[in-house]
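Understanding the architecture of this molecule
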Amino acid sequence: MLEIANLSKRYGETVALDDASIAFSAGTVHTIMGENGSGKSTLVKLLSGVVAPDRGEIRVDAVPFVGRTPAAFQAHGFATVFQEVLIAPDRNVIDNILLGYDGPFRRRMPRDRRRQAAADTLAHCARTAIDLDINAGWLPLATQQLVVLARALLRRPRILILDEATAALDFNDREIVFELIEGLAREGSLVLFVSHRMDEVLRLSHRITVLRSGRVVETLDRADASAERLLASMAPEIVEERRHA
Ligand SMILES: Nc1ncnc2c1ncn2[C@@H]1O[C@H](COP(=O)(O)OP(=O)(O)O)[C@@H](O)[C@H]1O
Ligand SMILES: [Mg+2]
């Protein structure tokens, strides 16, 4: 469904992603795992059209898809929740959920349906009750994250990309989001789940790709992935230190 081939991106001297090739299948939760600075968010930005690669190809349903804008990615069913919580602080929760869904000049959804659509979508990803009329900037970070998640879900994405999107959530909301991720995959979507939390990764993933210093170390099926193996792929120096200790 989605494929990257020899994808590279550098920022000045820093090679953020180096010749990365990964194939992603429909109906799976495919995790990208790696330590801080390993290139996970760079990959997410390349797969959302906000950053262009220096080299390599992105293919959607076998069609090359490089050099496209965020709008083109969205039109092909991509929705991304970025690591930095992108909220419009002075707009209310309803507007924030519909942000980008409405056109720049015209509201795509009639006024009376907006509130219900926002409430329904939020109910799918949060147990916490959220005031729809409050300015989103007033909400705690965890709640803002749920609003941004609802914004992505409203689009009924075929490819949902979550960059550490569950990091700030409390236990109950995290659980509901996990169930939602599993549900989307069951219905045939691809969920690209970025995380460095071993418990989440082992719980949710069908496949796991490990990045280290911008390079793909390996892609594993869940059945072949243990915590020890993943840690050794992500951070061999830590495993080595422990062995000496
Ligand atoms: N806009 C940027 N300008 C300069 N360096 C960047 C930029 N974005 C990321 N980097 C660098 O690229 C590397 C990979 O970063 P990133 O993709 O954010 O990693 P991760 O999400 O795995 O923590 C890091 O060394 C980071 O400092
Ligand atoms: Mg990151």
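Before any of the text, the structure's been laid out above.
Residues numbered from 1 in each chain as written. Chains lettered and ligands numbered in written order. Predicted model: local features only at pLDDT ≥ 70, side-chain atom pairs only at ≥ 80, totals over all residues.

Regarding the environment of Glu-241
Let me state the cut-off plainly: In DSSP terms, a helix is any run of H or I states spanning at least four residues, a strand is any run of E spanning at least two, and both are numbered starting from the N terminus.
Tracing the chain through its elements places Glu-241 in helix H9 (residues 236–244). Between the alpha carbons of Glu-241 and Thr-14 there is a distance of 26 Å; along the sequence they are 227 residues apart.

Points about the nonpolar core
Selection rule: For our purposes the nonpolar core covers buried Ala, Val, Leu, Ile, Met, Phe, Trp, Tyr and Cys residues that link as a set through C-beta atoms within 7 Å. In this scheme the burial state of a residue depends on its C-beta neighbours within 10 Å: 20 or more other such atoms mean buried, 12 or fewer mean exposed, and anything in between means partly exposed; the C-beta positions come from the backbone. Here the contact rule is simple: place C-beta atoms from the backbone, and any two residues whose C-beta atoms are within 7 Å are in contact.
Counting 63 residues, the largest nonpolar core has Leu-149, Ala-150, Ile-161 and Val-191 as the members making the most contacts within it. The residues touching Ile-161, leaving out its near neighbours within four places in the chain, are Val-44, Leu-47, Ser-48, Phe-78, Thr-80, Val-81 and Leu-192.

Description of the pairing of strand E7 (residues 159–163)
Filter applied, for reference: In short, DSSP must find at least two bridges between two strands for them to pair.
The buried count for E7 comes to five of five residues, which makes it a mostly enclosed element. Side chains Ile-159, Ile-161 and Asp-163 of E7 all project onto a buried face; the interleaved residues Leu-160 and Leu-162 project onto the opposite face, where all are buried too. Of the pairings in the sheet, the one linking strand E6 (residues 78–81) to E7 comprises four bridges and is parallel in character. Within E7, the position partnered with Thr-80 by the bridge is Ile-161. Direction of pairing for E7 relative to strand E8 (residues 190–195): parallel, over a ladder of five bridges. Opposite Ile-161, over in E8, you have Leu-192 as the bridge partner.

Looking at the sheet that holds strand E2 (residues 14–24)
With antiparallel pairing, four strands are arranged side by side in an open sheet as E2-E1-E4-E5. If you trace the sheet from one side to the other, it starts and ends with E2 and strand E5 (63–64), each paired once. Across five bridges, the pairing between strand E1 (residues 2–11) and strand E4 (residues 55–60) is antiparallel. Looking across to E4, one finds that Ala-5 is bridged to Glu-57.

A word on the sheet that holds E7
Spelled out, the test is: The convention used is that axes are lines fitted to C-alpha atoms, helices contributing only their stretch in contact, and that angles between N-to-C directions extend from 0 to 180 degrees.
Here six strands make up an open sheet; going across it, the order is E6-E7-E8-E3-E9-E10 and the pairing mixed. Both edges of this open sheet fall to E6 and strand E10 (215–221), since each of them pairs with a single strand only. Here the average twist between neighbouring strands, direction ignored, is 15°. In the packing of helix H5 (residues 141–154) onto the sheet, the strands contacted are E6 and E7, and the crossing angle to E6 comes to about 175°. The strands touched by helix H8 (residues 227–234) are strand E3 (29–33), strand E9 (207–212) and E10; relative to E9, the strand with the most contacts, the crossing angle is about 30°.

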